[in-house]
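Working through the structure, step by step
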Amino acid sequence: MREVRNIAVDPGEDGVRLDRWFRRRWPHVSQIQIQKLARSGQIRVDGARAKPEQRLAAGEMIRVPPLPDAPRPGDKPGLDPRDIAYAKSLVIYEDEEVLVINKPSGLAVQGGTKTTKHVDRLLSAWGEGLDRPRLVHRLDRDTSGVLVLGKTPGAAAKLSGAFARRRAEKTYWALVLGNPKPSEGVMELHLVKKGVGDREMVVPADPKDPNADPAETEFVTISRAAHRVAWMALRPHTGRTHQLRAHMLAMGHPILGDPKYKTDASAELSGNLKLQLHARRLTLPHPSRGTLILEAPISKELKEGFNRFGFDEHEADPEPFKARKRRH
């Protein structure tokens, strides 16, 4: 792009950072290039100098200077047909604004120094720039289930807002060690990130700790396998890192197959099972109409746990927390 352009901020982009606004339109332009253009005053907002982290308001005019050309097709390795087919096979719902996938266990949501295969990379199957779906929430690498993305900047902003305002009702299924007593209730326990041995973990904390975050998890027992294992429905009312895993360990009923938040007893009972945690159901407002009710079929990892302990997924009430509220 060799000419200066002035582009208005779309209403759906209200509150978006300036650097992210640029990267959505011109993904080939690096963060360092954006910073240099802003620092030299070539990028302006309503005629004024702006910083990359500045939040934009709907209707503001962005001065876009000449930018480097995007690489020609073939200059940069894209997704091969198998990756595209794999990405599309994960879809459980899609319309013009919303994309929902059933994220497999073991697939990271975003990449890192040693992570080259991740959801964010697979989103190239839908296109680049403004055509590329946007992440609006996260799941741990080893947690499977419902993952929602926005297909337009406006839809992504509204979906993110629903999570931020706690208008998204999440239901996770988990297999845990033993039988929690009481069998249903709410766990309220502050959590803080700490170095434990050679790894970082989320651990219970004193509410007075300035680094601690309040965390709340609602739980209901769906079924039991004698006294050994309980099949639980878990609903996080807050969105802390590893919240469900840390809360269940703190309750004395760690999630089976968890390599990090475990006890000797849970590790022994788990055997070769992978993490028995699945984002089963999500209810949230659609960006432009009605309500989305999304369900993800259980993963092969959770099926292995169900088969081992004799659970049948069809036994579950699809809305166990509504049933709990009726009882109280």
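Residues numbered from 1 in each chain as written. Predicted model: local features only at pLDDT ≥ 70, side-chain atom pairs only at ≥ 80, totals over all residues. Heavy atoms only, no water.

As annotated in an unreviewed UniProt entry, the chain carries the name Pseudouridine synthase and is attributed to Phenylobacterium haematophilum. Turning to the chain, the UniProt annotation filed under Sequence similarities (unreviewed entry) states: "Belongs to the pseudouridine synthase RluA family." Word for word, the UniProt comment on the chain under Function (unreviewed entry) is "Responsible for synthesis of pseudouridine from uracil." (UniProt positions renumbered as here; feature names shortened; annotations may be inferred.)

Our focus in this paragraph is the overall build of the chain. Secondary structure assignment for the chain yields nine helices and 16 strands. Principal axes of the C-alpha set define a box for the chain whose edges measure 70 × 50 × 45 Å. Of the contacts made within the chain by residues no fewer than 6 positions apart, 65% connect residues no fewer than 24 positions apart. Approximately 16,800 Å² of the chain is accessible, and the part contributed by carbon and sulfur atoms is 48%. (Helix = DSSP H or I, 4+ residues; strand = E, 2+ residues; numbered from the N terminus. Contact = heavy atoms within 4.5 Å. Areas by Shrake-Rupley, 256 points an atom, 1.4 Å probe, with all protein chains shown as cover.)

Turning our eyes to something else, we now look at the side chain of T143. Of note, T143 is situated in the loop between β7 (134–135) and β8 (144–150). Residue class for T143 comes out buried when judged on its relative accessible area of 2%. With near-sequence residues (within four places) excluded, T143 lies in contact with K103, P104, Y172, L275, L277, H278 and A279. (Buried < 20%, exposed > 50% of the residue type's maximum accessible area, 1.4 Å probe, protein only.)

Pairing between the strands of a sheet comes from backbone hydrogen bonds, and it takes one of two forms, parallel or antiparallel. With antiparallel pairing, four strands are arranged side by side in an open sheet as β1-β4-β2-β3. Sheet topology places β1 (5–8) and β3 (48–49) at the edges, where each strand pairs with a single neighbour. Pairing between strand β2 (residues 44–45) and β3: two bridges, direction antiparallel. In the sheet register, V45 faces β3, and the bridge partner there is A48. Of the strands in this sheet, β1, β2 and β4 (61–64) are in contact with helix α1 (residues 18–25), which crosses β4 at around 60 degrees. (Pairing = 2+ DSSP bridges. Axes fitted to C-alpha atoms, helices over the stretch in contact; angles between N-to-C directions.)

This paragraph deals with the environment of E200. Mapped onto the fold, E200 is located in strand β12 (residues 199–204). Between the C-alpha atoms of E200 and M251, which are 51 residues apart in sequence, the distance is 20 Å. E200 has contacts with K193, K194, G195 and K260, leaving out every residue within four places of it along the chain.

By the bridge criterion, three bridges tie strand β5 (residues 91–94) to strand β6 (residues 98–103) in an arrangement that is antiparallel. Paired with Y93 across the bridge in β6 is V100. Adjacent in sequence and paired antiparallel, β5 and β6 are bridged by three residues.

Moving on: the pairing of strand β9 (residues 169–177). β9 sits mainly inside the fold: eight of its nine residues count as buried. Summarising the sheet, β9 and strand β15 (residues 277–285) pair through six bridges and their orientation is antiparallel. Along β15, the bridge assignment pairs W173 with H278. Two strands pair when backbone bridges link them, and β9 and strand β14 (residues 229–236) are joined in this way by six bridges, in the antiparallel orientation. When the bridges of β14 are listed, W173 appears paired with A233.

Among the residues making up helix α2 (residues 31–39), those that are buried are I34, L37 and A38. With its buried residues spanning 100 degrees around the axis, α2 presents them on a single face. Turned more than 90 degrees away from the buried face of α2 sit I32 and R39, all of them exposed. The secondary structure elements touched by the buried residues of α2 are α1 and β3. (Arc of directions from axis to C-beta.)

This part covers the packing of aromatic side chains. All chains considered together, the criterion is met by eight aromatic pairs. Here W173 and W231 contribute two aromatic rings whose centre-to-centre distance is 5.1 Å and whose plane-to-plane angle is 80 degrees, an arrangement assigned as edge-to-face. Remark: W231 occurs in strand β14 and W173 occurs in strand β9; sequence separation between them is 58 residues. Here W173 matches W231 in class, with each residue buried. Here a set of aromatic residues connected by ring pairs shows up, and it is made of W173, W231, F306 and F311. (Phe/Tyr/Trp six-rings, centres within 6.5 Å; stacked < 30°, edge-to-face > 60°.)

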